[in-house]
Amino acid sequence: MHTDDGQHREYQEPHQSPESRGPRESRPAARRSDSTRAAILRAARERFASDGYERATIRAIARDAKIDPSMVMRYYGSKEGLFAAAVAIDLGLPDLGALPRHEVGQALARHFLTMWEGNEVLTALLRVAATSRAGAERTQDIFRDQVLPVARQVCPDPEQVPERAALVSSQLLGLALTRYVLRFPSAADLAREEIVAWLGPTLQRYLTAPHPGLPDHPGGPVRQL
């Protein structure tokens, strides 16, 4: 490049701040960040499941993810923050109130089979729950916050919603534990529609059937003197 005084000078690109860079230049950094986060979360789920929350360390998780421990802290701030992110999940439960009442049990069974088989986070959560108090409490929070509202849509008695949601959760978690974590052969080998046929009516009864009517239980028959 020649200047007005006739001297030759090398052309230099103007300096660009990160904020002024175009979207194409920022994409590789964003992809690296997403990849790093994904590696951290995968390693965290495996480590929390194998060691439990209390024994798992940021250093061990970072080593499994092949990154520096400072990167884990940079993204998640603490072990508690990392754990919350590693097992965060939306069950995406169907709107049972919009379905024919006699189909809600099978719809819920089918939905959960799809979730368990297509979402490694849910299986990891169950494995962590079986090995640590923190995992158990996190599982309780997720199922309480997400199953309770669904049960409330179809339960015939609002006062019974917590008990019925707990019974539904016991069936879903029990199936998941034996089929996807412990892998009992008889449970793991069941066909999907066979499970729906067995499990659906039980969930249906828990959600919509009248209370069985135990003596001295609200909603049950009055004991005669």
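Residues numbered from 1 in each chain as written. Predicted model: local features only at pLDDT ≥ 70, side-chain atom pairs only at ≥ 80, totals over all residues. Heavy atoms only, no water.

(A) A look at helix H2 (residues 58-65). Those residues of H2 that sit buried are Ile58, Ala60, Ile61, Ala62 and Ala65. The first or second residue beyond H2 is Lys66, which carries a positive phi of 60°. (Buried < 20%, exposed > 50% of the residue type's maximum accessible area, 1.4 Å probe, protein only. Helix = DSSP H or I, 4+ residues; strand = E, 2+ residues; numbered from the N terminus.)

(B) Main features of the environment of Ala134. Mapping Ala134 onto the fold places it in helix H7 (residues 133-154). Linking Ala134 and Tyr53, residues 81 residues apart in sequence, is a C-alpha distance of 6.4 Å. With residues near it in sequence (within four places) discarded, Ala134 still touches Tyr53, Glu54 and Phe83. (Contact = heavy atoms within 4.5 Å.)

(C) Spotlight on the packing of helix H5 (residues 104-118) against helix H10 (residues 192-208). With their axes 7 Å apart at the nearest point, H5 and H10 run at an angle of 125° to one another. The orientation of H5 relative to H10 falls into the category oblique. Handedness of the crossing formed by H5 with H10: right-handed. Contact with H5, carried on its side by Val104, Gly105, Gln106, Leu108, Ala109, Arg110, Leu113, Thr114 and Glu117, involves Arg192, Glu193, Ile195, Val196, Leu199, Gly200, Leu203, Gln204, Leu207 and Thr208 of H10 and no other residues of that element. Here the residues of the contact of H5 with H10 are counted per class, giving nine nonpolar, six polar and four charged. (Axes fitted to C-alpha atoms, helices over the stretch in contact; angles between N-to-C directions. Parallel < 35°, antiparallel > 145°, perpendicular 65-115°, else oblique. Left-handed = near helix turned anticlockwise from the far one by under 90°. Nonpolar A, V, L, I, M, F, W, Y, C, P; charged D, E, K, R; others polar.)

(D) How the structure looks around the packing of aromatic side chains. Across all of its chains, the model carries six aromatic pairs by this definition. Ring centres 5.8 Å apart and planes at 20° place the aromatic pair Phe48 and Tyr53 in the stacked group. For the pair Phe48 and Tyr53, one class covers both residues: buried. Judged by centre distance (6.1 Å) and plane angle (20°), the rings of Trp116 and Tyr180 are stacked. One end of the pair, Trp116, is in helix H5; the other, Tyr180, is in helix H8 (residues 161-181), and 64 residues separate them in sequence. Residue classification places Tyr180 among the buried residues on the basis of a relative accessible area of 16%. Residue placement shows Arg74 over the ring face of Tyr75; its charged tip is 5.5 Å from the ring centre. For Lys79, the ring lying beneath its charged end belongs to Tyr53, and the centroid distance is 4.6 Å. (Phe/Tyr/Trp six-rings, centres within 6.5 Å; stacked < 30°, edge-to-face > 60°. Lys NZ or Arg CZ within 6 Å of the ring centre and 35° of its normal.)

(E) Quick peek at the environment of Cys155. Mapped onto the elements, Cys155 comes out in the loop between H7 and H8. Looking at Cys155, the relative accessible area reads 11%, which means it is buried. Taking the C-alpha atoms as reference points, Cys155 and Tyr206, 51 residues apart in sequence, are found 8.6 Å from one another. Setting aside anything within four residues of it in sequence, one finds Cys155 in contact with Gln160, Val161, Arg164 and Leu207.

In short, shape yes, function no, at least from these values alone.
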